[in-house]
Amino acid sequence: MLGSISVLLLSSTAFHAVGALPQASTSTNTTNAYLAIDSEVLGNDMPDPRFSVDTTFEPDFLPPIPTLMSVLVFMGEMAYTDFNARVPARTWIAPGYPDIEISTIGPIKAKYLVFGVYAGIEYMIKYNRFHEVMFTMRWNKQMVGRIWMTLPGFAVPGLPANGTFSGNSTEQTDAFLTIPGNATSIDAELPIQDSRNSTNFLGIGLKLEIDTIAPGRKLNRNFVFLACYEALAKIAPSPQSAQMADFVVSSSLGGISMHFIHWGPGIKNYRVIQVLSFIPKTMIVSPPGFREVNVSVFEEDIMVLEISIKKITPQGNTAIA
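Summary of the structure given here.

Cut-off values and rules
- Residues numbered from 1 in each chain as written.
- Predicted model: local features only at pLDDT ≥ 70, side-chain atom pairs only at ≥ 80, totals over all residues.
- Heavy atoms only, no water.
- Helix = DSSP H or I, 4+ residues; strand = E, 2+ residues; numbered from the N terminus.
- Expected span 1.5 Å × (residues − 1).
- Axes fitted to C-alpha atoms, helices over the stretch in contact; angles between N-to-C directions.
- Parallel < 35°, antiparallel > 145°, perpendicular 65-115°, else oblique.
- Left-handed = near helix turned anticlockwise from the far one by under 90°.
- Contact = heavy atoms within 4.5 Å.
- Nonpolar A, V, L, I, M, F, W, Y, C, P; charged D, E, K, R; others polar.
- Phe/Tyr/Trp six-rings, centres within 6.5 Å; stacked < 30°, edge-to-face > 60°.
- Buried < 20%, exposed > 50% of the residue type's maximum accessible area, 1.4 Å probe, protein only.
- Salt bridge = Lys/Arg side-chain N within 4 Å of Asp/Glu carboxyl O.

### Things to note about helix α3 (residues 110–126)
Okay, so step 1: With 17 residues, α3 should cover 24 Å at 1.5 Å per step; its first-to-last C-alpha distance of 24 Å lies within 8% of that length.
Okay, so step 2: Phi turns positive, to about 50°, at Asn128, one or two residues after α3.

### So, the packing of helix α2 (residues 64–80) against α3
Okay, so step 1: Interhelical geometry of α2 versus α3 gives an angle of 160° and a closest axis separation of 9 Å. The pairing of α2 with α3 is recorded here as roughly antiparallel in orientation. You can see that α2 and α3 cross each other, and the crossing is left-handed. Listed contacts from α3 to Thr67, Leu68, Val71, Phe74, Met75, Met78 and Ala79 of α2 are Ala110, Leu113, Val114, Val117, Tyr118, Ile121, Met124 and Ile125.
Okay, so step 2: Broken down by class, the residue content of the contact of α2 with α3 amounts to 14 nonpolar, 1 polar and no charged.

### With respect to the packing of aromatic side chains
Okay, so step 1: This model, assessed by the stated rule, comprises 9 aromatic pairs.
Okay, so step 2: Between Phe83 and Phe115, the ring centres sit 5.8 Å apart and the planes meet at 80°, which makes this aromatic pair edge-to-face. Of this pair, Phe83 sits in the loop between α2 and β4 (86–87) while Phe115 sits in helix α3; the two residues are 32 residues apart in sequence, bridging distant segments of the chain.
Okay, so step 3: Relative accessible area serves as the criterion here: at 8%, Phe83 is assigned to the buried category.
Okay, so step 4: Considering the side-chain rings of Trp148 and Phe154, the 5.1 Å spacing of their centres and the 35° angle between planes classify their relative orientation as tilted.

### Structural notes on the pattern of salt bridges
If the charged atoms of two oppositely charged side chains come close together, the side chains can form a pair.
Okay, so step 1: A complete count under the given rule lists 4 salt bridges for this structure.
Okay, so step 2: Glu209 is the partner of Lys207 in a salt bridge, and the nearest nitrogen-oxygen pair spans 3.4 Å.
Okay, so step 3: Two residues, Arg271 and Glu299, come together in a salt bridge whose shortest N-O distance is 2.6 Å. Of this pair, Arg271 sits in helix α6 (residues 269–276) while Glu299 sits in strand β13 (residues 293–299), and the two are 28 residues apart along the sequence. Per residue, the accessibility class of Arg271 equals that of Glu299, and both read buried.

### A few points about the environment of Ala227
Okay, so step 1: For Ala227, the position within the fold is in helix α5 (residues 221–235).
Okay, so step 2: Judged by its relative accessible area of 1%, Ala227 is buried.
Okay, so step 3: C-alpha separation for the pair Ala227 and Met258, spaced 31 residues apart in sequence, amounts to 7.0 Å.
Okay, so step 4: The residues contacting Ala227, other than those within four sequence positions of it, are Val249, Ile256 and Met258.

What follows is the structure in structure tokens.
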């Protein structure tokens, strides 16, 4: 073990509401790309060969870390809901990341939003293209919805002026976060000043211990996020109140694997979603940063989950420390 950090997680509100949007901008610098998702990575429920995503980029740049975190929180929110539920048109802002607005043009099934934004952000990471962007999702070549990722103030075509998501609305609790227990959000503010302080996360006493493992090789920040997106996309189709079954994600693009192994009484799927939103956030603000690590998850001081994050060797196997 090279280093260790212990993080207890704090609760906060969910996505924030935004005000009415100004006049739409016009871009003459757009690029389209056809995207496909590897079904071997994500399983059989989705994606499907009939599902596709294309992108249209705008000129303005998006700040990478707020973009990556906003997508992580957005995917988690969508994974919380009924996978076949239709999500109305909304603009979403993740707590702590006001530089990015994610707008959905729908109503759209939650599963299309999960896999649509996953395909889009994978393309952006692969080509290091962080610009304002529109993802158009299709089923059997018919459009089923759109996702916009923009800077604040961009007027999204097709989004009503009142199409905002209020973190205090009853619609939030009833429609989007119907999960077991009293949790009201998947995101929370990390206590950056002293990340070892103890407090409960969403009233369930969840704690992370992140240990750097030998040789503790550096990991690419964007590819760690990508591995977390893959994990969310893989767990999202499962019932969120069910116990997590052990699983592995291996990112061929990023060369990173994540092994999820339950301990003791195990952990429910919705809590794994909560944990995934905190792993890269913790690596951003705490030493040793983005390196090979083991993440131990405790509930009421009982270890319930271990996540191993490692580089993949050129032969395709996870390196043994």
